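# Report on the structure
Each chain, letter by letter, is given below.
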Amino acid sequence: MINKQGFTNGIIAAVVLLILSALLMGVQLANEGTGLVVKLKHAESLTLIAVGAVIVFLFQLFRQPIMGTIGMAKGALPAMPVLPDLKQNPKLKNLLMAFGLAALLIWPFTASRGAIDLATLTLIYIMLGLGLNIVVGLAGLLDLGYVGFYAVGAYTYALLSSYFGLSFWVCLPIAGLMAAFFGFILGFPVLRLRGDYLAIVTLGFGEIIRIMLNNMTELTGGPNGISQIAKPTLFGLEFNRKLKEGGDGLFHEFFGLAYSGTYKVIFLYILAVLLVVLTLFVINRLLRMPIGRAWEALREDEIACRSLGLNPTVIKLTAFTIGAAFAGFAGSFFAARQGFISPESFIFIESAIILAIVVLGGMGSQLGIILAAIVMTVLPELAREFQEYRMLMFGLLMVFMMIWRPQGLLPMKRPHMEMRSQ
Amino acid sequence: MLKLQNVSTCYGKIQALDDVTVEVKKGEIVSLIGANGAGKSTLLMTVCGDPRLASGSIEYMGEDISRKKTSEIMRSGIAIVPEGRRVFSRLTVEENLHMGGFFTEPSEFDKTLKHVYELFPRLKERQSQRSGTMSGGEQQMLAIGRAMMSRPKLLFLDEPSLGLAPLIIKQIFDIIEHLRDEGMTIFLVEQNANQALRLADRGYVLENGRIVLQDTGEALLTNENVRKAYLGG
């Protein structure tokens, strides 16, 4: 059970841990007069370090039996539930979808305001995930600056609304078009790059948009952002307590209800649900068209695509542009919901989260992305109590995911081979 | 049908093709044989427009195509079965074939698909299987089928026997012959000189970017130098 290699490994691991943790956690800089001196920390943390080193050593020593037990435990874990094959049964599928949608629309009337708000945020991320999925999951283009298009959409609505007083409904398609336009402009020069190079350029693009918004103070308010962005209305009916000047009417007055702030939250939620349904519908349509298959083919083999007479740049450009358009829609909704946006909402971390949703969900799989978006937004909320350990847990979860299901939660499925008797 | 005249191609400063003249006539199988790195694949790719030729001319159906874009050339009745098959491995067989027929007239599409399935009953059996999970021979059949989906008049095959078992190679070459009998013009690039020349109406031998020999397939098979260099004495 205990072998020589385990012993050596244990010693090495423990020493490495001691050196690293002693420097990172064991010593402290303290002010003394005008200079800084290095001091040892109190005994507690030193004991912790020592305990840590012993644990690491023991783990390496008994690595084989431990990993064996874990392996057995893993085998004992229940397999992921297998969804019934809905392709064979379109009626059942439609019925399930109708029920699901109805449940989604009724749910907010029974839930708390905070829960609805969180659900709305989740829906925004689902929309972003689905959009980025076209670019990363289907066309295989690693885009690290997706948040840039999200920002374009948000600022399009915020600026048009605050400067020209245009309504949300007019701005929604404009925001999508603007984001698509930016996607097109960026895509044109960079899409001849591949892999890592494309990732770097898109990363830079996301940052450029943010910094531009930060610095164009006169137009965008710079770091102060834009506040008091108008909320969406229901056929002109506002959800405020009092009518704004020139407004058409108030929701609660029109329907003879007492004023409640919850109506607005529920309305936004339902709007988000409808936008996500629309997104799913459009993307599914695209996937069934030749262009959807071309995206996937391009991801698989660019040279083969060229040999079939396809123009890779054009196909990439469509993926990039359409993906960006969905970020634009999501952005304008985000601006409308928040009522306030600033460049700080569009930092790189956002791109990383959206990308994590796509990867976690299983590249290309839409159901997986919805699931992953829920995990990525709801889990941090649930884990709020753990405060600073939140991100640590998050990282841990990702590591386990990579071991347990490297293809994502629900990898894209294709019909498996059918054995036929010959 | 296809006429390369004094074509030279360069990769940077390295000259890969040097003054190559090759002709493929309608209804022929023409084989191009040569060792590794002789420039066989480069020749095919030059016709497809990538890399561009440095000098000379390429004429296809009486029209100079040497300045055309790759995508235009590949839509003008030329199809290529690329080296190493290059099927879209995570797409199903049928999806692969759909990609092959991307620019095929919708009215012709079903007929073409049916024809490909008749040529390769194996593909029909596996139509909803992911192509990456099939054997090398089946993938080669798929690559040929995919190229056929564009209803080409001229078919390029780049080393279709690469990495396949002798029995499968025979099947593949039988199919190539069958395609010729159906009226397809075929330009075959091979290292497997024996098989390629046996099938060929005419053949060319490429060495270091130059055509060193050209003759009928039969004559090349019995040629002293070819036997020594490519057929193992």
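Residues numbered from 1 in each chain as written. Chains lettered and ligands numbered in written order. Predicted model: local features only at pLDDT ≥ 70, side-chain atom pairs only at ≥ 80, totals over all residues. Heavy atoms only, no water.

## As for the overall build of chain B
Along chain B, the regular secondary structure elements total 10 helices and 10 strands. Against the 2.2 N^0.38 benchmark of 17 Å for 233 residues, chain B shows a C-alpha radius of gyration of 17 Å, consistent with a compact globule. The C-alpha extent of chain B, read off along each of the three principal axes, is 45 × 40 × 30 Å. Counting only contacts in chain B whose residues sit at least 6 apart along the sequence, the fraction spanning at least 24 positions is 66%. (Helix = DSSP H or I, 4+ residues; strand = E, 2+ residues; numbered from the N terminus. Rg over C-alpha atoms; globule rule 2.2 N^0.38 Å. Contact = heavy atoms within 4.5 Å.)

## Overview of helix α3 (residues 93–100) of chain B
Here α3 of chain B lies mainly inside the structure; six of its eight residues are buried. Among the residues of α3 of chain B, those classed as buried are Val93, Glu95, Asn96, Leu97, Met99 and Gly100 of chain B. Residues of α3 of chain B that are buried sit in contact with α12 (290–300) of chain A together with α4 (106–119), α5 (121–125) and α6 (136–148) of chain B. (Buried < 20%, exposed > 50% of the residue type's maximum accessible area, 1.4 Å probe, protein only.)

## Thoughts on the packing of aromatic side chains
Any aromatic ring pair is given by two values, namely how distant the centres are and how the planes are angled relative to each other. Taken as a whole and judged by the stated rule, the model has 17 aromatic pairs over all chains. Where Phe181 of chain A meets Phe182 of chain A, the ring centres are 6.3 Å apart and the plane angle is 85°; that geometry is what we call edge-to-face. With relative accessibility at 47%, the residue Phe181 of chain A sits in the partly exposed group. Seen in terms of ring centroids, Phe334 of chain A and Phe346 of chain A are 6.0 Å apart; in terms of plane orientation they differ by 75°. Their pairing is edge-to-face. Residue Phe334 of chain A is found in helix α14 (residues 312–338), and its partner Phe346 of chain A is found in the loop between α14 and α15 (348–361); the two are separated by 12 residues along the sequence. Exposure class is identical for Phe334 of chain A and Phe346 of chain A. Each is buried. Through a chain of ring-to-ring contacts, three or more aromatic side chains come together here, namely Tyr146, Phe149, Phe205 and Phe320 of chain A. A cation sits over an aromatic face here: Arg75 of chain B above Phe103 of chain B, 4.1 Å from the ring centre. Looking at Arg146 of chain B, its charged tip hangs above the ring of Phe88 of chain B, at a distance of 4.8 Å from the centre. (Phe/Tyr/Trp six-rings, centres within 6.5 Å; stacked < 30°, edge-to-face > 60°. Lys NZ or Arg CZ within 6 Å of the ring centre and 35° of its normal.)

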